Protein chains: 2
Amino acid sequence: MTPAPDLSDAPDPFADADYRAAVVDLLGALGYGELTAFSRLAADAELAPSLPDKAALGRQAVSEFHHYELLESRLRELGADVSEAMQPFVEAIDAFHDRARPSSWLEGLVKAYVGDGIAGDFYREVAAYLDPATRELVLEVMQDMGQAEFAVRAVREAIDRDPSVGGRLALWGRRLVGEALSQAQRVVAERDALANLLIGGGFHAGADLAEIGRMFARLTEEHTRRMGRLGLSA
Amino acid sequence: MTPAPDLSDAPDPFADADYRAAVVDLLGALGYGELTAFSRLAADAELAPSLPDKAALGRQAVSEFHHYELLESRLRELGADVSEAMQPFVEAIDAFHDRARPSSWLEGLVKAYVGDGIAGDFYREVAAYLDPATRELVLEVMQDMGQAEFAVRAVREAIDRDPSVGGRLALWGRRLVGEALSQAQRVVAERDALANLLIGGGFHAGADLAEIGRMFARLTEEHTRRMGRLGLSA
């Protein structure tokens, strides 16, 4: 990951209207992502095979909601309208969830693990280009709250019991990544401010194209590693 | 409501195995009720017509989950297995939700308001027969977190815009009560310990049959009053 640029002598980054717009976009996308992850995860809890599993998934959903609340209050501090900030991302995020609706408990777990994983890696890469306060917030809301361990254990146990499950879930994992990338591309294509965050401009140095290429390579590698931890081929 | 029996000189009520079993049943029923209300409410948030509504419903769902956590930790303090305590109520509560699945945002709001209302009234009646610590917990988890105001405002506004909505929602309200009562009867018929809580036995004085009749009359009156606040005939 690229080290964060040194901003200790920099003027207030939010004096730059483009930078502020980019951060509002980023927090809006994250906020709607968390709000939706919350309600989908809570709904998936109905598929849980046991009461402790149902409660565990509920607890994860609640932590997504608390992340949403952190983003909401930061957007308010920046003087942004929370709904307006989230609105541009509603269509793409809803489309992702509609096309990738888990039909079983295990599909739901793979989705939460693989989806949170890619989103987390992506936002942590972006965090390198942010002012320290925003970076800290992004890293906090992207923290793994123990979901990963939970999903890995449950999926591996299911494959041990019935190896044919692995093939089906591997296909599902590939579909998830395809849908996530196509929606992400759509968002970046439409939101100039966000794209500028990555390639630089305004007060900060961004990545060059070679660096962006390396970033995508890292995201793909991490995804492959995560599928491997689940016992699935990417 | 019947005043609570004076327990100041009473021995530890949990020394009575029947009473302990009744409280574990009660907290188990409440716990699974809250856990399910949480995931259904969070799923209903997907039907919300606007982002602030979606966040508001999410916030309510999260408060149901925190209530679940209070019940869970009290069950653990009593040395009960949380899943075992909830298990006897899974079928009836799931059946209620499956038969009363809202097909629109407004149906979801009426369900949350009317359903929480009846459940709250019932548990507050039962609370009169409990030891003080358990009573306090039941009253805390049954507290209205502002949901009622929110639902009343949204439903009344919708009826103002289109009065025909009122007739359909009134029918829905009647169906909800019918389903809730039939599942509640099933539970009480199967769980002797819970029924004994109401009619007395062990360390405490219970209600006589006339008092139980008056209790059902109060529940029905309160339900009619709530439907009226929504602008609906019961």
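Above: the structure in question.
Now for a look at the structure at hand. In this text the structure is predicted, and so the values were computed from the model without any measurement.

What about the relation of the copies chain B and chain A?
Under the fitted operation, chain B is carried onto chain A by 0.0 Å of movement along the axis and a turn of 180°, and the coordinates agree to an RMSD of 0.0 Å. Here the two chains are linked by the operation of a two-fold rotation axis. Taking C-alpha positions as the reference, the residue of chain B nearest the rotation axis is Ala43(B), at 2.5 Å.

Some remarks on the interface of chain B and chain A
Tallying the contact residues gives 28 residues for chain B and 28 residues for chain A. A buried area of about 2100 Å², summed over both sides, lies between chain B and chain A, and 64% of it is on carbon and sulfur atoms. Its largest share of buried area at the contact with chain A, chain B owes to Glu46(B), Leu51(B) and Lys54(B), together 27% of the area lost on that side. Run the count over chain B and chain A and you get 6 salt bridges. Here Arg40(A) and Glu46(B) are joined by a salt bridge, their closest N and O atoms 3.4 Å apart. Run the count over chain B and chain A and you get 9 residue pairs in polar contact (both at pLDDT 80 or more). Listed by contribution, the elements that provide at least two residues to the side of chain B that touches chain A are helix 1 (17–44), helix 2 (51–77) and helix 3 (82–99) of chain B. Sorting elements by how many residues they give to the side of chain B that touches chain A places helix 2 of chain B first, with 13 residues.

Describing the nonpolar core
One finds Leu109(A), Val110(A), Leu230(A), Leu109(B) and Val110(B) to be the most contacted residues of the largest nonpolar core, which totals 157 residues. Beyond its immediate sequence surroundings of up to four residues, Val110(B) is in contact with Gly115(B), Val155(B), Leu169(B), Trp172(B), Leu176(B), Leu230(B) and Leu232(B).

A word on the packing of helix 2 of chain B against helix 3 of chain B
The contact between helix 2 of chain B and helix 3 of chain B brings their axes to 9 Å, and the two run at 120°. Across from Tyr68(B), Glu72(B), Leu75(B) and Arg76(B) in helix 2 of chain B, the residues of helix 3 of chain B making contact are Val82(B), Ala85(B) and Met86(B).

Focus: the packing of helix 4 (residues 105–127) of chain A against helix 6 (residues 147–161) of chain A
Residues and elements named next belong to chain A. Running from N to C, helix 4 and helix 6 point in directions that differ by 140°, and their axes come no closer than 9 Å. Here helix 6 runs oblique to helix 4, going by the angle between their axes. The handedness of the crossing between helix 4 and helix 6 is left-handed. Packed against helix 4, whose contacting residues are Trp105, Leu106, Leu109, Val110, Tyr113 and Asp116, the element helix 6 presents Gln147, Ala148, Phe150, Ala151, Val152, Ala154, Val155 and Ala158 at the interface. In terms of residue class, the contact of helix 4 with helix 6 is made up of 12 nonpolar, 1 polar and 1 charged.

About the thresholds
Residues numbered from 1 in each chain as written. Chains lettered and ligands numbered in written order. Predicted model: local features only at pLDDT ≥ 70, side-chain atom pairs only at ≥ 80, totals over all residues. Heavy atoms only, no water. Least-squares fit on C-alpha atoms with pLDDT ≥ 70 in both. Contact = heavy atoms within 4.5 Å. Buried area = accessible area lost by both parts, 1.4 Å probe. Salt bridge = Lys/Arg side-chain N within 4 Å of Asp/Glu carboxyl O. Polar contact = N/O pair within 3.5 Å; in protein donor to acceptor, adjacent residues only side chain to side chain. Helix = DSSP H or I, 4+ residues; strand = E, 2+ residues; numbered from the N terminus. Core = buried A, V, L, I, M, F, W, Y, C linked by side-chain atoms within 4.5 Å. Buried < 20%, exposed > 50% of the residue type's maximum accessible area, 1.4 Å probe, protein only. Axes fitted to C-alpha atoms, helices over the stretch in contact; angles between N-to-C directions. Parallel < 35°, antiparallel > 145°, perpendicular 65-115°, else oblique. Left-handed = near helix turned anticlockwise from the far one by under 90°. Nonpolar A, V, L, I, M, F, W, Y, C, P; charged D, E, K, R; others polar.

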